Structure formats: C-alpha cells, structure tokens
Amino acid sequence: MKCFLGIDLGSISTKGVLIDEQENIVDSLYLRSRDIESSLKEILDYLLRQDREIVGAGVTGSGREYAKSLIQADIVKTEIIAHAVGSFHFLPQVRTIIDIGGEDSKLILLENKVMRDFTMNTICSAGMGASMENIAVRLGIRIEDFGDLALNSQKAINLPMKCGVLMSSAVVSAKNRGSKVEDILKGVARAVARNFLALCAKGKKLEEPILFCGMTAHNKALVEALEEEIGRKIIVPEKPELMGALGIALIAKQEMRGRQTSFNSIFQRPENYKIIHHRKDCISCGNCFLNAPEYFVKDKDDGKSRCVKERVEEKDLNKIKEISQNCPMKIIKLEM
Amino acid sequence: MLKHKSGFKRKIGLPYYSFYTRHFKEFLSLLGLDVVEPIPITEQTIKLGVNNSPEMMCFPYKVVLGNFLQLIKKGANTLVMFNSCGKCKLRHYYKLIDLKLRELNYNFEMVPIRPVDFIPLPLGPFMNKLVYLSGKRKWEIAKIIKKKWQELKEEENKRYLAKEFGKINIAVTGEIYSVLEENINQNIVGQLEGLGATVHSTLNLRALIIPRTFHSKERKLLREKALSFLDQSDPGGHGLHSIEDVLYWSQRGIDGIVHILPLSCHPEILVEEIIDYLCRKNEVPLLRLRIDETSSPLNIGTRVETFFELIKRKKEI
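Scoring rules and cut-offs
- Residues numbered from 1 in each chain as written.
- Chains lettered and ligands numbered in written order.
- Predicted model: local features only at pLDDT ≥ 70, side-chain atom pairs only at ≥ 80, totals over all residues.
- Heavy atoms only, no water.
- Helix = DSSP H or I, 4+ residues; strand = E, 2+ residues; numbered from the N terminus.
- Rg over C-alpha atoms; globule rule 2.2 N^0.38 Å.
- Buried < 20%, exposed > 50% of the residue type's maximum accessible area, 1.4 Å probe, protein only.
- Areas by Shrake-Rupley, 256 points an atom, 1.4 Å probe, with all protein chains shown as cover.
- Lys, Arg positive; Asp, Glu negative; His and termini not counted.
- Charge placed at Lys NZ, Arg CZ, Asp CG, Glu CD.
- Core = buried A, V, L, I, M, F, W, Y, C linked by side-chain atoms within 4.5 Å.
- Contact = heavy atoms within 4.5 Å.
- Axes fitted to C-alpha atoms, helices over the stretch in contact; angles between N-to-C directions.
- Parallel < 35°, antiparallel > 145°, perpendicular 65-115°, else oblique.
- Nonpolar A, V, L, I, M, F, W, Y, C, P; charged D, E, K, R; others polar.
- Pairing = 2+ DSSP bridges.

Asker: Help me out: how do you make sense of the overall build of chain A in this one?
Answerer: Along its length, chain A carries 11 helices and 14 strands. The C-alpha radius of gyration computed for chain A amounts to 25 Å, which surpasses the reference 20 Å derived for 336 residues by more than 25%, pointing to a less compact arrangement than a globule. Looking at chain A residue by residue over its 336 residues, the buried ones come to 51%. Of the roughly 15,900 Å² that chain A leaves accessible, carbon and sulfur atoms contribute 48%. One way to put it: in chain A the 49 positive side-chain charges average out to a point 2 Å from where the 46 negative ones average out.

Asker: It is not clear to me how the nonpolar core should be interpreted in this structure. Could you clarify?
Answerer: Grouped together as the largest cluster of nonpolar side chains are 90 residues, with contacts concentrated most on B:Phe68, B:Met81, B:Ile97, B:Leu101, B:Ile170 and B:Val258. Leave out the neighbours within four places in its chain, and B:Ile97 touches B:Tyr61, B:Val64, B:Leu65, B:Phe68, B:Met81 and B:Met110. By size, the runner-up hydrophobic cluster in this structure holds 39 residues, among which are A:Ala170, A:Phe196, A:Ile210 and A:Ala225.

Asker: Where do I start with the environment of A:Ser62 in this structure?
Answerer: Here A:Ser62 is to be found in the loop between strand E4 (53–61) and helix H2 (64–71). Along the primary structure A:Ser62 and A:Leu151 are separated by 89 residues, whereas in three dimensions their C-alpha atoms are 33 Å apart.

Asker: Whenever I open this one, the packing of helix H3 (residues 79–90) of chain A against helix H13 (residues 297–316) of chain B confuses me. Can you help?
Answerer: Axes are the key here: two packed helices are described by the angle between their axes and the distance separating the axes. Interhelical geometry of H3(A) versus H13(B) gives an angle of 40° and a closest axis separation of 8 Å. The angle between H3(A) and H13(B) places the two elements in the oblique class. Packed against H3(A), whose contacting residues are A:Glu79, A:Ile80, A:Ile81 and A:Val85, the element H13(B) presents B:Thr302, B:Thr306, B:Glu309, B:Leu310 and B:Arg313 at the interface. Here the contact of H3(A) with H13(B) is built from residues that sort into four nonpolar, two polar and three charged.

Asker: Before we go on, may I ask you to explain the sheet that holds strand E5 (residues 169–174) of chain B in this structure?
Answerer: Residues and elements named next belong to chain B. Here four strands make up an open sheet; going across it, the order is E6-E5-E7-E8 and the pairing parallel. If you trace the sheet from one side to the other, it starts and ends with strand E6 (198–200) and strand E8 (286–291), each paired once. Each strand of the sheet is rotated relative to its neighbour by a mean of 25°, with strand direction disregarded. Note: E5 against strand E7 (residues 256–262), five bridges, orientation parallel.

In structure tokens form, the structure reads like this:
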C-alpha cells in the first residue's frame, strides 16, 4: 500500500502518522520523546510494518532539521503550518486553532480558508503542558488523571498567574494548608488557560469554530477552563495530539505530486559514509582532486587520483556526492 | 571639550553598526585619525552590556555599552557615538554611558554626533567636531565628506532602496538599530532572503541625517497622515517612521510587513496599536518580533519561516 508519512518531533513527545492516498489515517503512534534518534527509530519500526510503501515523508516540530538529515525527508515545515493544515483537514470551516503543547503554545487564526495570523509564546512556559505535568508530579498524581479529578472540584482555589515555577510552589503551600487536591487542580487548569490567553491571544478576536489541539486537549478541566475564559464553545478532535503530524503528512502528499521520494528508513549519519574508490580505471580528469583536495590527491607516479581520506565529514557530504555523480568513469562511490 | 596634555595620542573607538561600520572607519581613517578596529557584536558583547545596564533599559543601549567596554579594553580613548533620534532614550545614551564607564574607572573622552549638527548647511557643529578631532582644515574635510557621502549613497541604494519587486515581497520596519544590525536580530533579513523573499526597507542613515525639508513629497504627505494618528507630535525614535512605512508599503501592495523592535523600546510600543490597526485595515499580514538578549535563533527562525509560508500559501490561493 502506498502511504505518506508525517512525523512531529516535539520537545516532550514524538508523533507519527501514516496516511493513504485518499488522505485517511492508516496508522499512528504517540511516544514520549527520549532522544531524537531512538524515538524516530521506534516510530519507523512501528509504522513501516507489512506492505507499507512510503511515497513521501515530511517532518515538523523543533527537531525537524536534524530529523530531515537522518531520514532524508522530502518536506520540512514549521509546526504552526502543520497544525493549520491538519486542523483544516479535520474541520474545513475552522477559524481559530489553539495548540497547547509541552513546551510551546500557539494560536492560529484563519480567514476564508487561509491562515491570517499566528502567535507563539515567547520565553515563558507558564501556559504550557510541562508546567501542568510538573504540578501533577508534585501532587503525586498521574497526568492522565488530572482532568477527571479536577472536574470533581466544587470550588477552585486562586493561584498566581504568569510563572510556572511560582505556581508550583503555590500549589505545594496550598496543599500544606489542607486544600483538596481536586480544587488545586482546577485552579491550575484555570491559571494555565488564563496564562495561555495572556501570552498568545492578547488583543485577538477568537472566532468560532475554535479547535483545540495538542496532548493537553485530553485534559477536560483545561478545555472547560478555556471555554469559560473565552466564553465560546471549543471543539476537541478525537486525537488532538496528532494534528501536527497529520498536517505534515498532508503537506507531503500535496507537494510530492508524483515526485520521487528521497526517504530512507536507515539513518543517514554522515560519519557512516565511506568513499570507495577504484583507482585502476581512473583517467586523471581532475574532477576529484581539484574539487576536494583534502580527500583526493594526484599520484606523482602514474598521474591517477588517490583517495587519502575515506571517512566523509558532515560538511563535505554534498560536495563528495556531487563529485561521485560527476566522475566520468563512475569509480567513486559513497557507501554506508 | 577638553584640552589634552602633550604626548596624548588619540585612538578612536566606534560602536559596531552593521555595514555602516566600514564606512565610518574609512571616513575617520581618511581624516588621518587612528581608529581601533571595530569589534563585531557577539555574545560576549551582549553579556558585558547586560551585566552593566539597568534591567529594563533598551537593548541597543546594552549592546553599545558592551561594545564600548570592549573597545576601551583594546585601547580606545575617544568614543564617538551617534546621539539623538528625537525624543527617545537614545538622546541620553551618551551621557549614561559616559557616567557608567567613568564609574568603572576608565579614562576617555566621549564625542557625541547628532543629526542636528548637520542642519546648518555648511555642517557647522559637525565640522567643528571633526576639526577638533583631526586638526585638519575645513575644506579638506569637506572633500572627504563629499566622497564618502557618495559611496554611502551607492551602497544604501544597492542594498535597499532601488530594489525591484520580486515574487514575494516583505518589508521590514521598526527601530533602526535592531533592523539593520544582523548580529542582534539573528539576521532576519538574511533568513527571509534565504527562503526566497525580496526584502524591502526604507530605513537608512541618510534619511535620518537629511533634514525633513529635503524629503520627497510623498514622504511628507505620509508624515502628515501618520501624525494624525498621534497628538500631532513625534513620539521619538523611529515610531513615526514605522507608521509612515506601513502606509507607504501598503500603498505599494506589499505582501507582508515584519516589525522589529527592541523589547522595551517606548516609541515602537506606542505605535504598535496604530500599526496593528493599519495592517488589519489594509489586510497586510504583520509579524512583530521583539529582540532582546534572551531571543534565540530557533525561536525567531520558526516565526520567520512560518510567516513566509503564510504569505506564500495566501498568494497561491
């Protein structure tokens, strides 16, 4: 089956989505990020099962540039564009997209099916998933139970806005004063919602329908708090965390248009490249030793070129690739 | 201005200022002055400046202070500083820097150069300062000024002014130092050009120096219009210029405007609301980037890339 792959490498989690040519989701995976390489490997191992053939691949998120060089992805776009495209696919009439991720949050406004404006939090993490998780850990509950517990609360406590670290110390002191855990959690959800709006939505008009993406959208208390603060209804997709990965897969499908993919599931680490040089057939044209004197030299005895350095450095990779393509006798090869 | 003891050898220190640095240095060298090689802005410069400035001070002040500290350590004893830009804090920079550096026990002379110095047309006060610094005759200096002025004009025209419209056109505006100095703004202009945009700007030093009476008619009309949004007076700095720019570029059908300002720049903060309004009204996408010591390349890069993509997608549909 021909598939398009989209991978969203965030700071907290890594998401992978596989779509078919009719833009249906074939398979998906959500992982906690460890290091980029092992997360990518796990995602690829899981998604590339059976007879799935990748005809286009896109990467997004903060680790996109490195991931692109590892798997030779065709498309690299920022996570904001990816979220806009993914959400637009899910709900074509969408006007406002809220994305609260692990370490950054964004607000995207659309008009007439075109992205009109976007804002992203600058340097503060107070309105983000990471600060909520931090608090959950300090209260000794699982982050998955956060929303359901908070919904039981009758009376939310007031927490200081603006700083995630100060908020978590206020939480501890509230607990020490004997406040109920659910009241504290509801207070946290409310503070996070307010912080998000203060950081990203200042002076912006949020039109309906409003879509809420990112893993934090599973937190029902946060959705409720946002609805309360904005004063409008919020729609949460079935799998809000996958919107970015879905978006980049869709972009890959739109932009490939029959082009050959360069995707390779084996990691292309430049330090693994080795030059194979059959100098017997060399015609000493100068293509190699004039363009890359640090790798090739002209032998004084027979005038043919000689490879003096086999391991290719990252910065020289493109140069050596070009030389190997231009070699008239095709005797220079790059191998893993 | 001070009288110096005999045997005093003047060494000029110039703060780094984008591509203008080269011209300033050449100009002063032609006058026969000994100029310390200007030091490009690095993380070290910013660190030095931030450690010695009030927290809420504008970012350019911190950078210039850090740069002066580096220059003094390299042996500069005469600091030349561009001084006033209307009513904004820049006007008082040289006094504050002077105070701070003397407090740190450095001995030097501060020579501020202001746009008002250029106004009486034979360049009276400006010329006097140069005579004082170099000891040359006025007519000799005038010759060199004329030559350098021509060179400056050519370079500015090449870089910004005489640019044709390309496929995707983006204008940059805002506070002049943070727009032009690519070492503090993570090279936003370069990033945009790398993505394939044609970047326009009307910010340049000549426009700052030349008195308003010599500006083009269009620019004067725009100024009147811009003033009508305020209390008919200049907010200082490049505040008014930014409003003018938005009007100027939206008339020309620009695809997007990037507004760059240092974090606590008061003239730019004052006009933010007006710029937002004008961009909304003219349906021009706007990206506002606030620059300070904490802004990271990744952070700004993501925004710039997304902004470019937004415009590209809008144009395709």
